[in-house]
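Descriptive analysis of the structure
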Amino acid sequence: MQPMSQRCTVTCGSVAARASQWVGVVERMRSIGVVIETAVEVPRPARATQAQANLLGISLGDLIIEIERTYYDTDGRPVETADIAVPDARWEIAYEIPVEGAQP
């Protein structure tokens with residue numbers, strides 16, 4: 001596996017207001033000739049570090065969900081990974097999973 005080209009950290013409470021101003025990963029990568037095929041998220045329970053707590057407006061050690069999201073190109077190469085911290089008591093995380101062969 002080749003090294004990832006970019007890694008960023010997102011803290012949900014501090015970026016929600018600015019999120020609509022961002023260009024998405026798929027668009028950004030397309031602009032440099034990289035086609036995104038899939039993304040994988042790995043959620044893990046954790047306790048907030050001091051830096052996370054300060055950004056999220058919570059206390060040190062509060063429960064959070066850390067999500068590592070990695071985007072892969074059509075060759076299976078990881079092209080960007082984001083580390084996301086979600087305060088457990090304030091946000092709900094839901095996933096919609098497409099089912100192959102489902103009728104429209």
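Quantities reported herein were computed from a predicted structural model and do not represent experimental measurements.

What counts, and at which threshold
- Residues numbered from 1 in each chain as written.
- Predicted model: local features only at pLDDT ≥ 70, side-chain atom pairs only at ≥ 80, totals over all residues.
- Heavy atoms only, no water.
- Helix = DSSP H or I, 4+ residues; strand = E, 2+ residues; numbered from the N terminus.
- Buried < 20%, exposed > 50% of the residue type's maximum accessible area, 1.4 Å probe, protein only.
- Contact = heavy atoms within 4.5 Å.
- Core = buried A, V, L, I, M, F, W, Y, C linked by side-chain atoms within 4.5 Å.
- Salt bridge = Lys/Arg side-chain N within 4 Å of Asp/Glu carboxyl O.
- Patch = residues over 30% accessible without salt bridge, like charges linked within 9 Å, V, L, I, M, F, W, Y side chains within 5 Å.
- Areas by Shrake-Rupley, 256 points an atom, 1.4 Å probe, with all protein chains shown as cover.
- Polar contact = N/O pair within 3.5 Å; in protein donor to acceptor, adjacent residues only side chain to side chain.
- Pairing = 2+ DSSP bridges.

Another point: the overall build of the chain. On a plain count of helices and strands, the chain comes out with 3 helices and 4 strands. In the chain, the order of α-helices and β-strands from amino to carboxyl end is β-α-α-β-α-β-β. Going through the 104 residues of the chain one by one, you find that 29% of them count as buried. Relative to all contacts within the chain whose residues are 6 or more apart in sequence, the contacts with residues 24 or more apart total 58%.

So, on to the nonpolar core. Counting 7 residues, the largest nonpolar core consists of A46, A48, A53, L56, I58, I64 and A85. Residues within four places of A53 in sequence aside, it is in contact with A48, I58, S59 and L60. The next biggest cluster of nonpolar side chains, apart from the first, holds 6 residues, and it includes V25, M29, V34 and Y71.

Turning to the pattern of salt bridges, a few remarks are in order. Enumeration over the complete set of coordinates arrives at 3 salt bridges. In this structure, D73 and R77 form a salt bridge, with 3.0 Å as the shortest nitrogen-oxygen distance. Given a relative accessible area of 6%, D73 falls into the buried group. Residue class for R77 comes out partly exposed when judged on its relative accessible area of 33%.

Turning to a nonpolar patch on the surface, a few remarks are in order. Taken together, the side chains of I93, Y95 and I97 present a nonpolar region at the surface, about 320 Å² in accessible area. Residue classification places I97 among the exposed positions, given a relative accessible area of 67%.

Structurally, Q52 is set in helix α3 (residues 50-56). When the C-alpha atoms of Q52 and A85 are compared, they prove to be 7.4 Å apart, with 33 residues separating the residues in sequence. Reaching out from Q52, the side chain makes a polar contact with the side chain of E66 at a distance of 3.1 Å.

Moving on to the pairing of strand β3 (residues 63-73). As defined by bridge partners, strand β2 (residues 36-47) adjoins β3 across 11 bridges and the pair is classed as antiparallel. If you follow V42 over to β3, its bridge partner there is E68. Bridge count for β3 against strand β4 (residues 78-87) is 9 bridges, and the pairing is antiparallel. Looking across to β4, one finds that E68 is bridged to D83. Taking the residues between adjacent antiparallel strands as the criterion, β3 and β4 are bridged by 4 residues, where G76 takes a positive phi near 80°.

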